[in-house]
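Observations on the three-dimensional arrangement
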Amino acid sequence: MDNATLSPAKKTILGVQFLFIAFGSTVLVPLLVGLDPATSLMTAGIGTFIFHFVTKGRVPIFLGSSFAFIAPIIAASKQWGMPGTLAGIIGVSLVYFVMSALIRWQGKCLLDRLFPPVVIGPVIILIGLSLSTAAVDMAKTHWLLAFVALATAVLVLSLARGLLKLVPVICGIIVGYVAALAMGLVDLTAVEAAPWFALPPSIVHFHLPEFAWEPFLYMIPVAIAPVIEHIGDVYVVSAVAHKDFVANPGLHRTMLGDGLACLAASFLGGPPVTTYSEVTGAMSITKVTSPQVIRISAATAIVFSVIGKLSALLQSIPSAVLGGIMLLLFGTIATVGIQNLIHHHVKMGETRNMIIVSVTLTLGIGGAVLSWGSFAISGIGLSALAGVVLNLCLPHDKKADKEKSSPAQ
């Protein structure tokens, strides 16, 4: 689809739809770690605008609260309190800044060496599969509602025409929400009590983070997972948009933008933000990859953060409805990883490639954790690190390398 042909009205509708996709995760993270969800919405919107400014407005990526930091923030807040923990998020920003500088110094050759398709492919698959548990957990709270939302989205996506085909998610959420209302499963008490206008509490009672070395150092290794996820998401978005964002505006710029967004979040009292696979999945379904649409999502997030009743209404959407939609979206991310392996002609018959993919997927899906002292790495970060190490250490098949380097006959 030619994104340039979208009217302002269509872009607005799609922008709101993409925020609906990110909304559940964006507010869930702060609710789980003891932060304010309205602040999370505001920092997601501000962070996305910062990212787009740094990347020259070319990369259609939305930044939202990162699931990778749920456990670390909970653990850190018990030791150093939330102000100290928020200061520790500055360490996350530092990791992004260092990676950005390394990529700027070495260029794409560093990426080709550390993150070839045989590493990136399974990491992208893991991004989708790791999110699938969250989708199922949300859906199983009420399978009927989840099915109604999912079936509506699938039917709209498969049978609808024109503008309606571009909004399967909104259709699924609206139908699911109406069904929940009819079943008496929606509590509107919070909506009635909420004020029309209210700034997030952390903005009203602004406090600078209380810097301390302990949480700062604690958070640094945790950043490995979202950094690797960032790289995978940029590749995914490039594949969906059919553009090479790794080269233009450059991965060093996307890393810098994400790092600055995390830094802003720490000062505003929100959780760290990262590239959102959920929105990427929505783009792969709708085929709409306009950065302007994503910026509309960011602006909508900021608006939602200051309109009390609207935020309360969105938070009243049953998790099962959101889970039903996510069952569709997260699977599309995993398939993009498979497509990445196929597109780059990764030969799975080669022992070396089979080992890298197998170990990467097994560690990620199995939930492996590597810890030493107060530091720990798990999930996508550990799996990606294992893939990188195996790729650097395992010998190449000399016969395969010779075939690649030989001219076609």
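Cut-off values and rules
Residues numbered from 1 in each chain as written. Predicted model: local features only at pLDDT ≥ 70, side-chain atom pairs only at ≥ 80, totals over all residues. Heavy atoms only, no water. UniProt positions renumbered as here; feature names shortened; annotations may be inferred. pLDDT = per-residue confidence, 0-100. Helix = DSSP H or I, 4+ residues; strand = E, 2+ residues; numbered from the N terminus. Buried < 20%, exposed > 50% of the residue type's maximum accessible area, 1.4 Å probe, protein only. Patch = residues over 30% accessible without salt bridge, like charges linked within 9 Å, V, L, I, M, F, W, Y side chains within 5 Å. Areas by Shrake-Rupley, 256 points an atom, 1.4 Å probe, with all protein chains shown as cover. Salt bridge = Lys/Arg side-chain N within 4 Å of Asp/Glu carboxyl O. Polar contact = N/O pair within 3.5 Å; in protein donor to acceptor, adjacent residues only side chain to side chain. Contact = heavy atoms within 4.5 Å. Axes fitted to C-alpha atoms, helices over the stretch in contact; angles between N-to-C directions. Parallel < 35°, antiparallel > 145°, perpendicular 65-115°, else oblique. Nonpolar A, V, L, I, M, F, W, Y, C, P; charged D, E, K, R; others polar. Expected span 1.5 Å × (residues − 1). Phe/Tyr/Trp six-rings, centres within 6.5 Å; stacked < 30°, edge-to-face > 60°. Lys NZ or Arg CZ within 6 Å of the ring centre and 35° of its normal.

The name given to the protein chain in an unreviewed UniProt entry is NCS2 family nucleobase:cation symporter-2, uracil permease, with Prevotella dentalis as the source organism. Of the protein chain, the UniProt comment under Sequence similarities (unreviewed entry) reads exactly: "Belongs to the nucleobase:cation symporter-2 (NCS2) (TC 2.A.40) family." The record held by UniProt for the protein chain lists under Subcellular location (unreviewed entry) the comment "Membrane".

Confidence along the protein chain averages 82 in pLDDT terms, with 88% of residues attaining 70 or more. The secondary-structure element of the protein chain with the lowest mean pLDDT is helix H19 (residues 398-405), recorded at 55, while helix H2 (residues 37-54) shows the highest, at 92.

Here Thr286 shows up in helix H13 (residues 277-286). Residue class for Thr286 comes out buried when judged on its relative accessible area of 4%.

Another point: a nonpolar patch on the surface. On the surface, a nonpolar cluster with roughly 400 Å² of combined accessible area is contributed by Leu94, Val98, Leu102 and Trp105. Relative to the helices and strands, Trp105 is located in helix H3 (residues 70-106).

Turning our eyes to something else, we now look at the side chain of Ser305. Turning to its location among the elements, Ser305 is positioned in helix H14 (residues 291-306). Here Ser305 falls in the buried class, since its relative accessible area comes to 2%. At 2.6 Å, the side chain of Ser305 forms a polar contact with the backbone oxygen of Ile302. Here Ser305 is in contact with Ala38, Leu41, Met42, Ala198, Pro200 and Ser311, once residues within four sequence places are set aside.

Their axes nearest at 8 Å, the elements H13 and helix H16 (residues 319-343) cross at an angle of 85°. Considered as vectors, H13 and H16 are oriented roughly perpendicular to each other. Here H13 contributes Ser277, Glu278, Gly281, Ala282, Ser284 and Ile285 to the contact with H16, which in turn contributes Leu328, Leu329, Phe330, Thr332 and Ile333. In terms of residue class, the contact of H13 with H16 is built from six nonpolar, four polar and one charged.

Moving on, we come to helix H7 (residues 168-182). Relative to the 21 Å expected for 15 residues at 1.5 Å per residue, H7 spans 21 Å between its end C-alpha atoms, a close match to the ideal helical length. For H7, the complete set of buried residues consists of Pro168, Val169, Ile170, Cys171, Gly172, Ile173, Gly176, Tyr177, Ala179 and Ala180. Directly after H7, the chain includes Gly184, whose backbone phi takes a positive value near 70°.

We now examine the pattern of salt bridges. Scanning the entire structure with this criterion turns up one salt bridge. One salt bridge connects Lys140 with Asp137, and the closest N-O pair in it is separated by 3.4 Å.

Our next topic: the packing of aromatic side chains. Scanning all chains against the criterion turns up zero aromatic pairs. Here the basic side chain of Lys309 rests over the ring of Trp196, its NZ or CZ set 5.5 Å away from the ring centre.

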